[in-house]
Amino acid sequence: MLSKDELAARLDEVRTSLAGRAELVAVSKFHPADYVRLSYELGQRLFGESRVQELVAKHEALAADCPDIVWHFIGPLQTNKVKYLAPFIHMIESVTSERLLEEINRQGQRVGRRIPILLEVYVAEEETKSGFSPEELLQLVERIHHAPEHYQGIELRGLMAMASNTENSAQVRGEFARVAELHAQLLRSGWVDSERFTIRSMGMSGDYPLALEEGATHVRIGSALFGERH
């Protein structure tokens, strides 16, 4: 069991390394709700989860004690599971297909919310990664812009990406730079609300320093805080 003092030291180390340049998404997936509660007591509010059942259970267990906790969903999401997140999720970062986007939109309207989302862009050189190609991304955002009445259940907030799992830092840096470039291109296009489309979620425990240098606004860090997942 991770002690509060040990967790406090790890949180402080990560926050110091961020130096206010990006917001920390503490990735609590596969870790116990007690770790989330400890982090909350230490001032952390934003947490990332990647399994619907686990997130719903933690949300219910912690809602009373942690009233202003913020949940981001960051993993693969099946369309038939969106309905369980729609009432409370603060953001879905991992929107990887139009089919998923349409279902989030539908469920958002069902519960009377605009669910904040990030569009996941595929920039890595790995088949295991998912998301929209840069071309698909631009076409989708343009379509949403021209039919706002159809998308009343979502709010576009930015982009999310995962870089290739490689020791080649130049490659990783280039992939993050591509995300930043796409984000800037969309802001110039006039297709997004520049005051709301502000997030570039990229970088994890192993590569977030490079992501910071390429303009990440949010980094998703788990193992550097909570240790290896079980």
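Source: prediction; values computed, not measured. (Residues numbered from 1 in each chain as written. Predicted model: local features only at pLDDT ≥ 70, side-chain atom pairs only at ≥ 80, totals over all residues. Heavy atoms only, no water.)

Asks: What exactly am I supposed to notice about the packing of aromatic side chains here?
Replies: Remark: the centre distance and the inter-plane angle together describe each pair of aromatic rings, the angle taken between the planes. This structure, assessed with the given rule, holds 2 aromatic pairs. Ring centres of Y35 and F226 lie 6.1 Å apart, and the angle between their planes is 20 degrees; on these two criteria the pair is classed as stacked. Here the residue Y35 occupies a position in helix α2 (residues 33-41), and F226 occupies one in helix α9 (residues 223-226), the gap between them amounting to 191 residues. Neither residue differs from the other here; Y35 and F226 are each classed as buried. (Phe/Tyr/Trp six-rings, centres within 6.5 Å; stacked < 30°, edge-to-face > 60°. Helix = DSSP H or I, 4+ residues; strand = E, 2+ residues; numbered from the N terminus. Buried < 20%, exposed > 50% of the residue type's maximum accessible area, 1.4 Å probe, protein only.)

Asks: Would you mind going over the pairing of strand β7 (residues 199-202) with me for this structure?
Replies: Remember that side chains alternate between the two faces of the sheet whenever the strand is regular. As paired strands, strand β6 (residues 154-161) and β7 are joined by 4 bridges and run parallel to one another. From the neighbouring strand, A161 faces β7, where its bridge partner is M202. One crossover worth recording links β6 to the parallel β7 by way of helix α7 (residues 169-189), and it is right-handed. (Pairing = 2+ DSSP bridges. Right-handed = clockwise from strand over helix to strand, strands pointing away.)

Asks: Please clarify how the packing of helix α6 (residues 134-146) against α7 should be interpreted in this entry.
Replies: Pairs of packed helices are described in terms of their axes, by the angle between the two and the distance that separates them. Closest axis-to-axis distance for the α6/α7 pair is 11 Å, and the angle between their directions is 20 degrees. Classed by the angle they form, the pair α6 and α7 counts as roughly parallel. Considering how the two elements wind past one another, α6 and α7 form a crossing that is right-handed. Taken together, the residues of α7 that come into contact with α6 (itself represented by P134, L137, L138 and V141) are R178, L182, Q185 and L186. Counted by class, the contact of α6 with α7 contains 6 nonpolar, 1 polar and 1 charged residues. (Axes fitted to C-alpha atoms, helices over the stretch in contact; angles between N-to-C directions. Parallel < 35°, antiparallel > 145°, perpendicular 65-115°, else oblique. Left-handed = near helix turned anticlockwise from the far one by under 90°. Contact = heavy atoms within 4.5 Å. Nonpolar A, V, L, I, M, F, W, Y, C, P; charged D, E, K, R; others polar.)

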